[in-house]
Amino acid sequence: MNFCIKNDRLGTGMSIVNFIGSPNIGGELKAKFLIIHYTASGPEADTARYFSQDTANVSAHLVVRRDGSVTQCVPFNVVAWHAGKSQWTGKGGTRYSGLNNSAIGIEIENWGPLGKSAGGWVSWTGAAVDGSKVIEARHKFGVPDCGWEVFTTAQIETVIAAAQAICREYAIEDIMGHDDIAPGRKSDPGPAWDMAAFKASVRGGGPFQLNRQRALDIRARIASGEEETFPEDVVSALVAGQHPVRVFRKWRGMTAVALARAAGISQPYLSEIENGAKDGSLSVMKRVAALLNVTLDDLAG
Ligand SMILES: [Zn+2]
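Since the structure is predicted, the reported quantities are computational estimates derived from the model, not experimental observations.

What counts, and at which threshold
Within each chain, residue numbers correspond to sequence positions counted from 1 in written order. Only residues with pLDDT of at least 70 get local features here, since the model is predicted, and only at 80 or more are side-chain atom pairs given and counted; chain-wide, interface and lining totals rely on the full set of residues. Counts of 20 or more other C-beta atoms within 10 Å of a residue's own C-beta define buried residues, counts of 12 or fewer define exposed ones, and intermediate counts define partly exposed ones; C-beta atoms are placed from the backbone. Only DSSP runs of H or I with at least four residues qualify as helices, and only runs of E with at least two residues qualify as strands; both kinds are numbered from the N terminus onward. The arc in question is traced by the directions running from the helix axis to the C-beta atoms. Think of it this way: build a C-beta for each residue from its backbone, and any pair within 7 Å is a contact. Only the stretch in contact is used when a helix axis is fitted, and all axes are lines through C-alpha atoms; the angle between N-to-C directions ranges over 0 to 180 degrees. Throughout this description, any angle smaller than 35 degrees is read as roughly parallel, any larger than 145 degrees as roughly antiparallel, any in the 65 to 115 degree range as roughly perpendicular, and the remainder as oblique. Crossing chirality is assigned from the near helix's rotation relative to the far helix, an anticlockwise turn below a right angle marking it left-handed and a clockwise turn marking it right-handed. Any two strands are treated as partners once DSSP identifies two or more bridges connecting them. Domain limits in this description derive from either an automatic procedure or a database domain assignment. Basically, the charged four are Asp, Glu, Lys and Arg, the nonpolar ten are Ala, Val, Leu, Ile, Met, Phe, Trp, Tyr, Cys and Pro, and anything else, Gly included, counts as polar. Along the chain, pLDDT gives the predictor's confidence residue by residue, from 0 to 100.

Chemist: How should helix H4 (residues 195–203) be read in this particular structure?
Modeler: An α-helical turn contains 3.6 residues, so any two residues separated by three or four positions project in the same direction. Within H4 the residues assigned to the buried category are Ala197, Phe198, Ser201 and Val202. Taken around the axis of H4, the buried residues stretch over an arc of 135°, which confines them to a single face. Opposite the buried face of H4, at more than 90 degrees from it, the exposed residues are Ala196 and Arg203. Contact partners of the buried residues in H4: helix H2 (153–169) and strand E17 (174–177).

Chemist: Got a minute to help me understand the packing of helix H8 (residues 256–263) against helix H10 (residues 282–292) in this structure?
Modeler: Each pair of packed helices can be summarised by the angle the axes make with each other and by the distance between the axes. In contact at an axis separation of 9 Å, H8 and H10 are set at 120° when each is read in the N-to-C sense. The angle between H8 and H10 places the two elements in the oblique class. The interaxial crossing formed by H8 with H10 has right-handed handedness. Within the contact between the two elements, H8 uses Leu259, Ala262 and Ala263 and H10 uses Val284, Arg287, Val288 and Leu291.

Chemist: How should I be thinking about the sheet that holds strand E13 (residues 120–122) in this particular structure?
Modeler: Strands pair in a sheet through their backbones, by hydrogen bonds, and they do so in one of two ways: parallel or antiparallel. Reading across from one edge, E14-E13-E12-E16-E15 is the order of the five strands in this open sheet, with antiparallel pairing throughout. Across the chains shown, the open sheet's two edge strands, defined by having one partner strand only, are strand E14 (128–129) and strand E15 (134–137). Direction of pairing for strand E12 (residues 113–117) relative to strand E16 (residues 146–149): antiparallel, over a ladder of two bridges. Within the sheet, the bridge partner assigned to Pro113 lies in E16 and is Trp148.

Chemist: Would you explain the domain arrangement of the chain in this entry?
Modeler: Buried accessible area, meaning the area lost when the parts come together, often serves as the stated size of an interface. Taken domain by domain, the chain holds domain 1 (4–112 + 148–203) and domain 2 (211–299). For domain 1 versus domain 2, the distance between C-alpha centres works out to 32 Å.

Chemist: Explain the packing of H2 against H4 to me, please; I cannot follow it from the model alone.
Modeler: Orientation of H2 relative to H4, taken along the N-to-C sense of each, is 55°, at an axis distance of 9 Å. Taken together, the axes of H2 and H4 lie oblique to each other. Remark: the crossing between H2 and H4 carries right-handed chirality. The segment H2 lies against H4, with Ile160, Ala163, Gln164 and Cys167 engaging Phe198, Ser201 and Val202. Grouping the constituent residues of the contact of H2 with H4 by class yields five nonpolar, two polar and no charged.

Chemist: Would you take a moment to explain unusual backbone geometry for this structure?
Modeler: Most peptide bonds take the trans configuration, and most residues that are not glycine carry a negative phi. Residue Pro189 is reached from Asp188 by a cis peptide bond, and omega for that bond is 5°. Residue position: Pro189 is located in the loop between helix H3 (178–181) and H4. Its identity as a non-glycine residue notwithstanding, Asn57 has a phi of 65°, on the positive side. Inspection of the secondary structure puts Asn57 in the loop between helix H1 (47–51) and strand E6 (62–64). A tally of 10 C-beta atoms within 10 Å means that Asn57 is categorised as exposed. In the Ramachandran plot, Asn293 falls in the positive-phi region, its phi being about 55° despite a non-glycine side chain. Examined against the element boundaries, Asn293 turns out to sit in the loop between H10 and helix H11 (296–299). According to the C-beta neighbour criterion, Asn293 is exposed, with 11 such atoms within 10 Å.

Chemist: Mind showing me how you'd approach the environment of Arg49 here?
Modeler: Here Arg49 shows up in helix H1. The class for Arg49 is partly exposed, based on 14 C-beta atoms found within 10 Å. For Arg49 and Gly115, which are 66 residues apart along the polypeptide, the C-alpha to C-alpha distance reads 27 Å.

Chemist: So what exactly am I meant to see when it comes to the confidence of the model for the chain here?
Modeler: In the predicted model, the chain carries a mean pLDDT of 89, and the fraction of residues at 70 or more is 91%. Contacts from residues 205–210, a stretch scored under 50 in pLDDT, to residues over four places away or in other chains number 19 contacts.

Chemist: Where do I start with the sheet that holds E6 in this structure?
Modeler: The strand order across the open sheet formed by six strands is E3-E7-E6-E11-E5-E17, and the pairing between neighbours is mixed. In this open sheet, the two edge strands, each paired with only one partner strand, are strand E3 (18–19) and E17. The sheet contact formed by strand E5 (residues 33–38) and E17 spans four bridges and is parallel. Bridge assignment links Phe33 to a residue of E17, and that residue is Asp174.

Chemist: Just checking my understanding: could you explain the pairing of E5 for this structure?
Modeler: Consecutive side chains along a regular strand alternate between the two faces of the sheet. Across the six residues that make up E5, a large majority, six, are buried. The side-chain alternation of E5 yields two buried faces, one formed by Phe33, Ile35 and His37 and the other by Leu34, Ile36 and Tyr38. As paired elements, E5 and strand E11 (residues 103–108) share six bridges and run parallel to each other. Bridging across to E11, Ile35 finds its partner in Gly105.

And the structure:
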């Protein structure tokens, strides 16, 4: 997926993305930062529509739905109201407060923290949330352990592509979570959003590790009895962000030397794949998947 930006509107090259304007805006924006949010809402809520009402008093530049579709609500050269009371120390020790005046905001539709009830996971509104879409984790700023709705693969791919376009077009110094600029007051995007992997992917320093999502997919397939059961430590290593080739190679008890030789590639090339420095070619990944007796999907970074 690839986006481009023309006249401060996100587009796909052929056309601009869906635009639902918000009246909740300020003056001119010269963006230095990109802030990632979740909406704390369910699939029925239409956040972009909500932002179009002046009574909402909030807005963001982009809203990304669970199906990966994106709506722009505010042009990127206009201040949107997504950050609220916030502060950040930028490069060279420059202090910023009220980050709306220096940041583009992306809202990703997601429930955020979830509570546990007798019947399973529930949102703050009491809505039931499918357990296969939930991880249990502690927020880095000490919100007690709870459930967090995972972001969909489609959302992750859309936000990466949008962030890449934004970073190409504007002098973006850094990408932060709302929780980074308003610690204690805000907890979005929270532990289900792998910010380090996301930033690496936006920079193009390596393939985005969708490992957590893949691990959850594997968990769901195990639950439905579709395939052999991977041990919990395999799933945990994937959730922790280790490259699937390394995780599955170790699980199969193969050394890097043996796998490289069997796949007909050099060991340094295999290391680069396992470090995320290189994507293996399709033919190499097919051979590796066959040797490790996993599917190609299980190995995709
Ligand atoms: Zn937020």
